[in-house]
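# A look at the structure
Spelled out, the chains give:
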Amino acid sequence: MKYLIANWKSTKDINTALSWVNTFNKSINKNKVLQKKLDENYLKIIICPSFHLLYPIKQNIYKNKNIVLGAQNVSFFDQGNYTGEISAQNIKDLVEYSIIGHSERRKYLKEKDNEIDQKAMLLKDYDIEPILCVRNEKDLIPDKINFIAYEPVFAIGTGENQALRDVINVKNKISLNKDNVFIYGGSVNSKNIIQYLQSNEIGGFLVGNVSKDPTSFIEIATKI
Ligand code: PGA
């Protein structure tokens, strides 16, 4: 199984999100090969929009066991009186996954390792699978994390993806167990994905910019 994750970041309102879904659904509807990959558990697509879009997307997205939703973040508080926070309990019926520790949050929101740990624990409590983003081999990996998305900062949103051999170099320095899914993120597109697909070291892709356009995103999916 390869994982293809769309990270829309803080873009899209209801209209632009539903229009994305519409184009995405049409493309899948007419692509039998892609349907087969999904049906045969060869590919899983995880769409991570902002919180306000989770419900309308869940209602409208093409129905398939391997097209699911993820959050981009979650509160480090459990449910309770934390005005403005979105807890794992809030989203447990909408998402199967949640990204945590994205480098943009570490940078702009000054997110700390202990907060990221706490988020991972709460997600597990509500049966949501954390996808932990790490910037390099030095970022701490809490216990029981299955999905690790390695995203070198220089490659995020710059169009400069990291070469496969360098990605594997970093992978080898991270202590992973055999069940961990190692995901690469950083300027992935439908052309540069080919090199990563030649190696079975990479279990999936976290795609930012290119995922914001449904046609380009589907084009990536067709390469997997
Ligand atoms: P990018 O973003 O594909 O635009 O580099 C990846 C990410 O930030 O998750």
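Provided above is the structure to which this section pertains.
So, here's what we can say about the structure.

Parameters at a glance
Residues numbered from 1 in each chain as written. Predicted model: local features only at pLDDT ≥ 70, side-chain atom pairs only at ≥ 80, totals over all residues. Heavy atoms only, no water. 1 Å grid on protein atoms, 1.4 Å probe; cavity = no way out; pocket = protein on both sides within 12 Å on 5 of 7 lines; lining within 4 Å. Points joined across faces, edges and corners; volume = space filled by probe spheres on them. Helix = DSSP H or I, 4+ residues; strand = E, 2+ residues; numbered from the N terminus. Pairing = 2+ DSSP bridges. Axes fitted to C-alpha atoms, helices over the stretch in contact; angles between N-to-C directions. Contact = heavy atoms within 4.5 Å. Phe/Tyr/Trp six-rings, centres within 6.5 Å; stacked < 30°, edge-to-face > 60°. Lys NZ or Arg CZ within 6 Å of the ring centre and 35° of its normal. Buried < 20%, exposed > 50% of the residue type's maximum accessible area, 1.4 Å probe, protein only. Polar contact = N/O pair within 3.5 Å; in protein donor to acceptor, adjacent residues only side chain to side chain. Near = heavy atom within 4 Å. Areas by Shrake-Rupley, 256 points an atom, 1.4 Å probe, with all protein chains shown as cover. Nonpolar A, V, L, I, M, F, W, Y, C, P; charged D, E, K, R; others polar.

### As for the layout of surface pockets
Considered as a void within the structure, the largest pocket measures approximately 350 Å³ in volume. Among the elements that make up the lining of the largest pocket, the one with the highest residue count is helix α5 (residues 103-108) (3 residues).

### Details of the sheet that holds strand β2 (residues 43-48)
If you walk around this closed barrel you meet the 8 strands as β1-β2-β3-β4-β5-β6-β7-β8, and the pairing is parallel. Taken pair by pair, the neighbouring strands of this sheet meet at an average axis angle of 25 degrees, ignoring direction. Alignment of β2 against strand β3 (residues 67-71), held across 3 bridges, turns out to be parallel. Across the sheet, Ile 46 pairs through a bridge with Val 68, a residue of β3.

### Examining the environment of Val 74
Within the secondary structure, Val 74 is located in the loop between β3 and α4 (88-91). Spatially, the C-alpha atoms of Val 74 and Lys 178 are 27 Å apart, while their sequence positions differ by 104 residues. Among all residues touching Val 74, those that are not within four sequence positions of it are Phe 51, Ile 86, Ser 87, Ala 88, Ile 91, Ser 98, Ile 100, Lys 119 and Leu 123.

### What about the packing of aromatic side chains?
Taken as a whole and assessed by the stated rule, the structure comprises 11 aromatic pairs. The interplanar angle of 55 degrees and the centroid separation of 6.0 Å between the aromatic rings of Tyr 196 and Phe 205 together place this pair among those described as tilted. Within the aromatic cluster, the residues linked to one another by ring pairs are Tyr 150, Phe 182, Tyr 184, Tyr 196 and Phe 205. The aromatic ring of Trp 8 is capped on one face by Lys 12, whose charged end is 5.1 Å from the ring centroid.

### Observations regarding the side chain of Asn 66
Relative to the elements of secondary structure, Asn 66 occurs in the loop between α3 (54-60) and β3. Judged by its relative accessible area of 3%, Asn 66 falls in the buried class. A distance of 3.4 Å separates polar atoms of two side chains, one belonging to Asn 66 and the other to Lys 44. Once residues lying within four places of it in the same chain are set aside, the contact partners of Asn 66 are Met 1, Leu 38, Asn 41, Leu 43, Lys 44 and Ile 45.

### Considerations on the site of the ligand
Close to the ligand lie 13 residues; Lys 9, His 102, Glu 151, Gly 157 and Ser 187 are nearest. A distance of 2.8 Å is found between an oxygen atom of the ligand and a backbone nitrogen or oxygen belonging to Asn 209. For the ligand, the accessible surface in isolation is 280 Å², of which the surrounding protein chains cover 99%. Of the residues in the shell around the ligand, the class split is 4 nonpolar, 7 polar and 2 charged.

### Section: the side chain of Asn 180
Turning to its location among the elements, Asn 180 is positioned in the loop between α7 (164-173) and β7 (181-185). What makes Asn 180 buried here is its relative accessible area of 15%. A distance of 2.8 Å separates a polar atom in the side chain of Asn 180 from the backbone oxygen of Ile 145. A polar contact of 2.8 Å, which involves the side chain of Asn 180, links it to the backbone nitrogen of Asn 177. With sequence-adjacent residues up to four places away left out, Asn 180 is seen in contact with Ile 145, Asn 146 and Ile 148.

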